[in-house]
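# Residue-level structural notes
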Amino acid sequence: MRAEDTNTPTLVEPGAPVLAPGHTYQSVQEDIGSIVLTQSAGRRWMLCFAVAFLAVNMLLVAVIYLFVRGVGIWGINIPIAWGFAIVNFVWWIGIGHAGTLISAILLLLKQDWRTSINRFAEAMTLFAVMCAGMFPVLHLGRPWLAYWLFPYPNTMGIWPQPRSPLLWDVFAVSTYFIVSLMFWYVGLIPDAATLRDRAVEPWKQHVFGVLAMGWRGSAKHWARYEMAYLLLAGLATPLVVSVHTVVSFDFAVAILPGWHTTIFPPYFVAGAIYSGFAMVLTLAIPIRKFYHLEDFITMKHLQNMAKVMLGTGLIVAYGYILEAFFSFYSANQYEGFMMKNRVTGPYGPAYWALILCNILIPQSLWSYRVRTNVTALFILSLVVNMGMWLERFVIVVTSLHRDFLPSSWGMYYPTKWDIMVFFGTVGFFAMMFFLFVRLLPAISIFEMKDLVHKVAHAHDKKGH
Amino acid sequence: MKPKHSDTPHLHVLQNRLESVGGREYWRSLEELADTEEFRAFVEDEFPGRSPEWLNPPNRREVLRLMAASFGLAGLAACTKMPIQKIIPYVRQPEEVIPGKAMFYATAMPVGGYATGLLVESHLGRPTKVEGNPDHPASLGATDAIAQASVLGLYDPDRAQAISLYARLSAYVNFLAVMNRVREQQHQKKGAGLRILTETVTSPTLAWQIGNILTEFPEAKWDQYEAVHYSGSEIYHFDKADVVVSLDADFLGGMPGSLRYARDFASKRKLSEGQTSMNRLYVAEPSPSITGSTADHRLRMRPTEIETLARSLAGRLGAGQAPAGTASAQVEAIAKDLENHRGSSVVIAGLQQPPAVHALARAMNQALGNVGVTVTGIQPVEAKPVDQIQSLWTLVKEMNAGQVDVLMILGGNPVFTAPADLNFSTAMGKVNLRIHNSLYFDETSELCHWQVPEAHYLESWSDARAFDGTVTILQPLIEPLYGGKTPHEVLVSLTDQPDQTSHEIVRSYWQTKHTGADFEIFWEKALHDGIVPNTASPVVAAGPLPAVPAAGRAPDAGTLELNLRPDPYLFDGRFANNGWLQELPKPESKLTWDNVVYISAATAVRLGVENEDMVDLEYRGGKLRAPIWVLPGQADDCLTMYFGNGRRRGGNVAKDAGFNAYLLRASDQPWGAPGVQLRKTGNRYTIANTQHHHSMEGRGIVKSATLAEYEKDRDFVKHEDPETPKSQSLYPEYPYNGYKWGMTIDQNVCTGCSACVVACQAENNIAVVGKEQVVKHREMQWLRIDRYHKGDAANPEVFNQPMLCQHCEKAPCELVCPVAATVHSGEGLNQMVYNRCVGTRYCSNNCPYKVRRFNFLLYSDWYTESLYGMRNPDVTVRSRGVMEKCTYCVQRINEAKIDSEKEDRRLHDGEIVTACQAACPTRAIVFGDINDTTSQVAKLKQQPLNYGVLGDLNTQPRTTYLARVTNPNPDWVKT
Amino acid sequence: MPDDSTTNITGHRTEIISGDFPVTGRWGFLAEFREPEDLVKAAQRAYDAGYRRMDAYSPMPVHGLAEAIGFNRNAVAPLVLVGGVIGCCSGFMLCYWIAVVAYPLNVGGRPLNSWPAWIPITFEVTVLVASLFAVLGMLAMNGLPQPYHPVFNVPRFALASQDRFFLCIESADPLFDPVETKQFLEELHPDFVSNVEM
């Protein structure tokens, strides 16, 4: 244990601890657990939840009408047969990448600071993947046949077509969802036990009792538990990378100029982490404020996330530059035109807006003052989220609207239904998140205790 | 039929009628229906609120109820019957109908009086598709878009469905009773108050009937008015012409015999069949036509300028006194070219040109010795060639003078099409009894007492003559769906045998022509072949040249010139309710669903108007508000507008489509003249356009060269951009040992007439989506004709490229389908499995040709009962949410294969003809087995001109194109 | 760390010592510690003393604890490997079987066995099955879910999921003796020693 302490790469800068001093096991579980067990919802929460709930109902209306009339109610057409639906799908999947990344990769890298954000980052992942998962179904011409994309034995003896990137998507996204869910739940078991034993009302005891599955913290269990958790992290890490790689294949495998690019997998993954961390910030900043968790989600966390954003943002910028370079260097007239059309065509403003949001504005993160300014970080995270949405819009729409034969060129204008569905899923995401922070510990209690213990020892050592 | 009772006609009429309408039941249902509320509603305004898109289920429910009523009323209860009389299939075997096996019958479609011979495909008594009759001189197996779309016209639910008096349901017996009274009255005054108004009549039988009536009622008069009146007294032989000068004559698309002319013209232009020489075409026209797009030299001229050109050209050729001043270099060049081809050239003047130009054209042909060789004068094909506007004018005069008691309008829609200044509709008010026999309850029917539904030509016994006079006897493919009556039957209501059927009438006429015992043989042969032998109009020696009127004063620069034309597809407006034609992109502009005011870019800038601006036009008191469309190739200071749209009472499809250009028509200048006023209104109007970009962006999509360049370098196509060798593909070649289907399209002879597009639509049950959806780029036609411009922006060179599924061997679409809904067949067809498709639309995204079409909504009309009969039973009707595209007419392939397998033999070349190929007038489309080296398609693919579009993508398309070669005059100076 | 619980501790001690233990229905003795380090030391001592049937309980993973009570046969890792192998094979075979055996179609002119296209699915299935083995295997070997366990009978055991650390020597151990074992545990200076009823 000590041995481990010493070789922990310490990110702790003076004045920026991963956990505010003076915390005990008790105080930790009190502060985190009380949100779920004792505190009342509060007017503010009720209000936010109501808004989100309304948005979800808007989503329902939009979806019902969609199923009744068909995808023709959206702005899509020939040549632009994919519109908002796919843009949103890629966007949500991207957001869904931060959670598992934080939990898995940072765990493997033994980054202590992950502890206080991984739980709700994982929850965010789950909800984002749920949102993403809706779109491939909704955008089908015949959504009631979506199950045909799964390889199940049927009387007709027909099977899906495994050469299609869309089928790879089916496997990647469903695997990602299942693994993330397990990862999240396994992390939850010991905390459920804690809440089971602290809860006063019997029904809460029962609910958490069931969730805890009779967990009693046996040393043997902990041993297997930690091994399983570690391996899961090891598996989830390549999975995270693979998921957005596969999503990028949807485009890279096609022959369409603007899609058919080898740079896509790495730059999609970077983009995903980029947007993911932006979304974690968007959520973490209000939560730590409303629920007074500043002790657990300290400036250090925000700073580190800002740094990750800066880094991945630069990778994304590199991607944009290479895209432009390829189109010039390939000397391919279609590629060349595609780039010209992106920059100067009818959708040019979208391109420049995304450059602004994803590359120019985030450069301010080089400054320590910006990185340590909560408001600035919050606004920046929103900007990046918007930028990443625009990126997907540019890739999907501007590439499609002017391809090989000028005779088939067209324009895409979203309808109100497109917009309702998009904001509907945003509402769904928010609603799920509000429920989560109320019903489950938003921060991993047992891992915080571990942290308390470590910090205590760090102090002891200093003391002697 | 029964012996004729001369005594008390009135009585036996009723009696016969009762028998022929088959029993009381009919009457009972009729009475009941007549009294129901919805029926009244139905008569008041047909199909309330049904959207033209046929895309509006709730309303359609309403409509369905009403229509069920109307069907019952028409006494056929929505089921179709073969005609009772004997009709003769084109192919004798099989004698009896085999379910699932289509039969073909020869008949003809008259448009503007002139017939095109057709073979109509019939499934169990339902005509579903028309093809050209190879034996017919005006078709030679080809058809035009209008003929292809006529099937939809037959099943159109908006057709007049029951005889009506004052727009209220009546019965034919009542009508006959009335006519009987008319007959008695008019007998007393020798028919002085009787007028018959028809369209151009070429039908010998109808002419004979009218003749008989006029002998019975000497004072009665027969007037004709056809909005687009061709006087067929000259025919051309383009297969003998090396130089053609068209003075605003759209002979490849817009006149009787166009199909034949196009074929002949193309035969002189195809380089694919080892031919090395080409004809040369000069076209002078104000507004781009398909003939203009085919021209080697297109002169962009206002109509008045064309007259000047004609005069100076004639002067230069010594066929008339030349105007003052020296002929321009262009005239010089044309004249030289013509002189070098004496006897092998044609000068042809267009319908819209004044008599002077026609006279000059005749003079020039005379001077060039073309008469009798490439141009022959024939005895007029019309039964009674008259100046029809004059004829209508006198009629209106008499009507206003109250001299007309009874006006029988047989066909046509004069209230809509008559020149505005005649005020035909007000004159109508002065007539005591007005009778209208028409397919639709239209603008004219509204102003008539009686509306007698007309039988569609596919429901009719009749006869009609082709552009060269050849007669075809029309045989019905089906009993009248809505109990329609032919003009023949309406006419006999004036005689003492009002119960005669058109079958009897037509037969009895031909019995007078063909006396003798072998009449049955003659009759059956005529029906079978679709032509009556040796009925072509005899050639007449060229009479004296008509005097050329003196040149009028040229309009001063800047005056806008009005140029009215028949719509290329809606003709004079009679096809305005045909969704296929409304949604068919106009060849010159790719606009659908509306007619617009074409204007040149320069003039648009001068007047400060742009696309989709609403403008007010005023010409001789006629006023019209219509949208502007800037059209490359349009003459400056010239506004071109098509007739035919803007129907007030034309059915639910025609409703709200376009603007009524007849409001600008003046009786003395039916095709327009200088002096139209244009005022900008500031309003905007959305136009549904299927193609927005007409530049090739420097991409080698349509490859082209001049004849000279081609002779220098036969392989210029390969040199332009070499195709990726198949060896460079990562993937092994799939073996195609059996058949290997492929197609070639010769861009050298494709005129862009779009017959193939409608043929495909009819063959493959392709849905009409309506204007709103076309605006959203969701049109469904599997085959589209891309149009590209090159060169001079004001008068560009035009390239037509039919674009359909290329059936790539390395199909990008198939690879990305997650459910294997589109896969390759063993014969290399790129197949679409509708019932497997879940609608991800990924295939369309990955299709470099964007030829896939998606049912974004429920586009197929699943509710309108009358349309069920129209559909091709061999092709699935697609539902919402599935992708569709060209299949190379796989149903035709399989039918032929089954036949060949029964006979245990390989298919031979030409046995399978795709719908588009069959329709093509110039035979530009060739389909067949590439493995069979002797097949035409295999040979064409060996041609140096052969190339695959976007070949560098190495998708290895099975559809390839032959590069376009033009034949410009070497000593032509660009001005 | 501030000690805020002396008073109630004394209260408890008197109560427990004076209580006499019924001979039957004893699962074992439960010693409660305040710091993980003490627990580890205690576990080590107990193990050295020859006790084998015992277990230690803590609110968070304590490193070296499992080793201290002599647990070192952790079978999770090999299980996950097995899962991975199974997933990998089945993923590839699925694609191969679909495209080559069940429905050999000419799709875009690609070869029937276009194996590079199978790789993404193969990978995803590998990860999926391996993860399932990891989680379900861990639960199974831990015997979870397990609604009842004797240690829950001790009221103070609720603290095992909060801030206390427990060592339990079970009566099933051959060296177990109601008196000696209890004395042995008390020598380890726990806060309490509690009797665990069946």
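If you're wondering where the values come from, they're calculated on a predicted model, not measured in any experiment. Residue positions within a chain follow its written sequence, with the count starting from 1. Chains carry letters and ligands carry numbers; both start at the beginning, A for chains and 1 for ligands, and go up in the order they are written. Residue-level local features of this predicted model are given only where pLDDT is at least 70; pairs of side-chain atoms are given and counted only at 80 or more, and the full residue set underlies all totals for whole chains, interfaces and linings. Computation of side-chain values: all heavy atoms of the structure, hydrogens and water removed.

## With respect to the overall build of chain B
On a plain count of helices and strands, chain B comes out with 30 helices and 38 strands. Partly exposed describes any residue whose relative accessible area lies between the buried limit of under 20% and the exposed limit of over 50%, with all areas from a 1.4 Å probe on protein chains only and scaled to the type maximum. Out of the 975 residues belonging to chain B, those deemed buried represent 65%. Only carbon and sulfur atoms are counted for the fraction: they give 54% of the accessible area of chain B, which is about 33400 Å². Secondary structure is summarised from DSSP: a helix means a run of H or I of at least four residues, a strand means a run of E of at least two, and numbering begins at the N terminus for each. In short, Shrake-Rupley with a 1.4 Å probe defines the accessible areas, and a residue's cover is counted only from the protein chains shown.

## With respect to the interface of chain A and chain B
Many analyses report the size of an interface as the accessible area lost when the parts associate. When checking whether two residues touch, look at their non-hydrogen atoms; a contact exists if any pair is within 4.5 Å. Contacts between the two partners involve 55 residues from chain A, matched on the other side by 53 residues from chain B. Where chain A abuts chain B, roughly 4500 Å² becomes buried across the two surfaces, and 57% of that area is made up of carbon and sulfur atoms. Defined here as a combined quantity, buried area equals the accessible surface (1.4 Å probe) lost by two parts on assembly, summed across both. When residues of chain A are sorted by the area they lose upon contact with chain B, A:Ile78, A:Leu405 and A:Ser407 head the list and together hold 16% of the total. A carboxyl oxygen of Asp or Glu within 4 Å of a side-chain nitrogen of Lys or Arg is what we treat as a salt bridge. Across the contact surface, chain A and chain B share 1 salt bridge. In this structure, B:Lys850 engages A:Asp403 in a salt bridge whose closest nitrogen and oxygen atoms are separated by 3.0 Å. What qualifies as a polar contact is a pair of N or O atoms within 3.5 Å, subject to a donor-acceptor requirement within protein and to the restriction that residues adjacent in sequence count only when both atoms come from side chains. Our count for the contact surface shared by chain A and chain B stands at 33 residue pairs in polar contact (both at pLDDT 80 or more). With 4 residues, the top contributor of residues to the side of chain A that touches chain B is helix H3 (residues 43–69) of chain A. Looking at the side of chain A that touches chain B residue by residue, the class counts come to 37 nonpolar, 12 polar and 6 charged. In the scheme used here, Gly and all other residues not listed as nonpolar or charged are polar, with Ala, Val, Leu, Ile, Met, Phe, Trp, Tyr, Cys and Pro taken as nonpolar and Asp, Glu, Lys and Arg as charged.

## Here's the deal with the sheet that holds strand E10 (residues 280–285) of chain B
Residue and element names in this part refer to chain B. Strands were regarded as paired on the criterion that DSSP finds at least two bridges between them. The parallel open sheet is built from 4 strands, whose spatial order is E11-E10-E9-E12. At either end of the open sheet lies a strand with only one pairing partner, and these are strand E11 (297–300) and strand E12 (345–349). Here the strands of the sheet are splayed against their neighbours by 10° on average, with no regard to which way each runs. As paired elements, strand E9 (residues 243–247) and E12 share 5 bridges and run parallel to each other. In this analysis, axes come from line fits to C-alpha atoms, helices being fitted only over the stretch in contact, and the angle between any two N-to-C directions falls in the range 0 to 180 degrees.

## Remarks on the nonpolar core
In these notes, a set of buried Ala, Val, Leu, Ile, Met, Phe, Trp, Tyr and Cys residues joined through side-chain atoms within 4.5 Å is what counts as a nonpolar core. Within the largest apolar cluster, 416 residues are counted, with the highest numbers of intra-cluster contacts made by A:Trp74, A:Phe251, A:Phe436, B:Leu407, B:Phe424, B:Trp510 and C:Leu167. A per-element tally of this core places helix H10 (residues 264–290) of chain A first, with 16 residues. When neighbours within four sequence positions are excluded, B:Trp510 is seen to be in contact with B:Pro204, B:Thr205, B:Asp463, B:Val471, B:Ile473, B:Phe519, B:Phe522, B:Trp523 and B:Val532. Counting 28 residues, the second-largest nonpolar core is a separate cluster that includes B:Ala284, B:Leu313, B:Ala319 and B:Leu338.

## Side note on the packing of H3(A) against helix H16 (residues 416–439) of chain A
Residue and element names in this part refer to chain A. Two numbers describe how H3 lies on H16: the axes approach to 7 Å, and their chain directions differ by 140°. Compared by their axis directions, H3 and H16 come out oblique. For the element pair H3 and H16, the recorded crossing hand is left-handed. Here the residues of the contact of H3 with H16 are counted per class, giving 22 nonpolar, 3 polar and 1 charged. Relative orientations are named as follows: roughly parallel for angles under 35 degrees, roughly antiparallel for angles over 145 degrees, roughly perpendicular for angles from 65 to 115 degrees, and oblique for any other angle. Handedness of a crossing follows from how the near helix is turned relative to the far one, being left-handed for an anticlockwise turn of less than a right angle and right-handed for a clockwise one.

## Observations concerning the packing of aromatic side chains
Pairing of aromatic rings covers Phe, Tyr and Trp, the last through its six-membered ring, and needs centres within 6.5 Å; plane angles under 30 degrees mean stacked, over 60 mean edge-to-face, and all others mean tilted. The tally for this structure, following the rule as stated, stands at 76 aromatic pairs over all chains. Between the aromatic rings of A:Phe251 and A:Phe268, the centroid separation amounts to 5.9 Å while the plane-to-plane angle is 40°, which identifies the pairing as tilted. Within this pair, whereas A:Phe251 is found in helix H9 (residues 219–252), its partner A:Phe268 is found in helix H10, the two being separated by 17 residues in sequence. Taking the relative accessible area as the measure of exposure, A:Phe268 reaches 2% and is therefore buried. Summarising the aromatic geometry, the rings of B:Phe238 and B:Phe251 are spaced 4.3 Å apart at their centres and angled 10° between planes, so their arrangement reads as stacked. With B:Phe238 in the loop between strand E8 (234–236) and E9 and B:Phe251 in the loop between E9 and helix H8 (258–267), this residue pair connects regions lying 13 residues apart in the sequence. Of the two residues, B:Phe238 and B:Phe251, neither departs from the other in class, the shared state being buried. Within the aromatic cluster, the residues linked to one another by ring pairs are A:Phe84, A:Trp91, A:Trp92, A:Tyr347, A:Trp389, A:Phe393, A:Tyr412, A:Phe422, A:Phe423 and A:Phe429. Both a distance and an angle decide whether a charge sits over a ring: NZ of Lys or CZ of Arg must be within 6 Å of the ring centre and within 35 degrees of the ring normal. The ring of B:Tyr736 carries the charged tip of B:Arg958 above its face, separated from the ring centre by 4.6 Å.

## Some thoughts on the sheet that holds strand E35 (residues 925–929) of chain B
Residue and element names in this part refer to chain B. Reading across from one edge, E35-E28-E37-E36 is the order of the 4 strands in this open sheet, with mixed pairing throughout. The open sheet is flanked by E35 and strand E36 (946–947), the only strands paired with a single partner. Where E36 meets strand E37 (residues 959–962), 2 bridges bridge the pair, whose relative direction is antiparallel. Bridge assignment links Tyr947 to a residue of E37, and that residue is Tyr961.

## Brief notes about helix H11 (residues 329–339) of chain B
Where H11(B) is concerned, the buried positions are B:Gln330, B:Val331, B:Ala333, B:Ile334, B:Ala335, B:Asp337 and B:Leu338. Of the surrounding secondary structure, the elements contacted by the buried residues of H11(B) are E9, E10, E11, helix H10 (303–316) and E12 of chain B.

## Observations regarding the pattern of salt bridges
Residue and element names in this part refer to chain B. Considering all chains together, one arrives at 61 salt bridges over all chains under this definition. Of the charged contacts, one joins Glu612 and Arg684 as a salt bridge, the two residues approaching to 3.9 Å between their closest N and O atoms. Here Arg684 lies in strand E25 (residues 677–684) and Glu612 lies in the loop between helix H21 (601–607) and strand E22 (613–619), a separation of 72 residues in the sequence. Here Glu911 ties to Arg905 by a salt bridge, and the two come within 2.6 Å at their closest N and O atoms. Residue class for Glu911 comes out partly exposed when judged on its relative accessible area of 27%. The exposure class of Arg905 is partly exposed, given its relative accessible area of 27%. Through salt bridges that share partners, Glu610, Glu612, Asp613, Lys680 and Arg684 make up one connected network.

## A short note on the interface of chain A and chain C
Each partner contributes to the interface: chain A provides 59 residues, whereas chain C provides 64 residues. The contact between chain A and chain C buries some 5500 Å² in all, and 71% of this surface belongs to carbon and sulfur atoms. Run the count over chain A and chain C and you get 0 salt bridges. Applying the counting criterion to the chain A and chain C interface returns 18 residue pairs in polar contact (both at pLDDT 80 or more). Top contributing element to the side of chain A that touches chain C by residue count: H9(A), with 18 residues.

## Let's talk about the confidence of the model for chain C
All names here are of chain C. Here chain C averages 81 in pLDDT, and 88% of its residues register 70 or above. Mean pLDDT per element in chain C: helix H1 (residues 6–18) is the minimum at 35, and helix H5 (residues 119–141) is the maximum at 94. Residue-level confidence of the predictor is summarised by pLDDT, bounded by 0 at the bottom and 100 at the top. Per-residue pLDDT stays below 50 along residues 1–23; that stretch engages in 20 contacts with residues further than four places along the chain or on separate chains. Prediction confidence for the complex, expressed as pTM and ipTM, is 0.87 and 0.87 respectively.

## Considering the environment of B:Pro89
Residues and elements named next belong to chain B. The topology assignment puts Pro89 in the loop between helix H4 (57–74) and strand E1 (103–111). According to the relative accessible area criterion, Pro89 is buried, its value standing at 7%. For the pair formed by Pro89 and Asp529, sequence separation is 440 residues and the distance between their alpha carbons is 9.1 Å. The contact partners of Pro89, leaving out residues within four places of it in the chain, are Met103, Phe104, Tyr105 and His528.

## Details of helix H12 (residues 333–344) of chain A
Residues and elements named next belong to chain A. A rise of 1.5 Å per residue sets the reference length of H12, with its 12 residues, at 16 Å; its end C-alpha atoms lie 16 Å apart and thus fit the reference within 8%. When H12 is considered as a whole, its buried residues turn out to be Tyr334, Glu335, Phe337, Met338, Met339, Asn341 and Arg342. Buried residues along H12 sit against helix H11 (299–329), helix H13 (348–360) and helix H15 (374–401). If you check the start of H12, you find a side-chain oxygen 2.6 Å away from the backbone N of Tyr334, and it comes from Asn332. Expected span of a helix, by definition, is 1.5 Å for each gap between consecutive residues, and there is one gap fewer than residues.

## A word on a nonpolar patch on the surface
A cluster of nonpolar side chains, namely A:Leu60, A:Ile64, A:Tyr65 and A:Val68, defines an oily patch on the protein surface of about 380 Å² accessible area. Looking at the secondary structure, you find A:Ile64 in helix H3. Each patch groups residues whose relative accessible area exceeds 30% and which form no salt bridge, using 9 Å between like charges and 5 Å between nonpolar side chains of Val, Leu, Ile, Met, Phe, Trp and Tyr.

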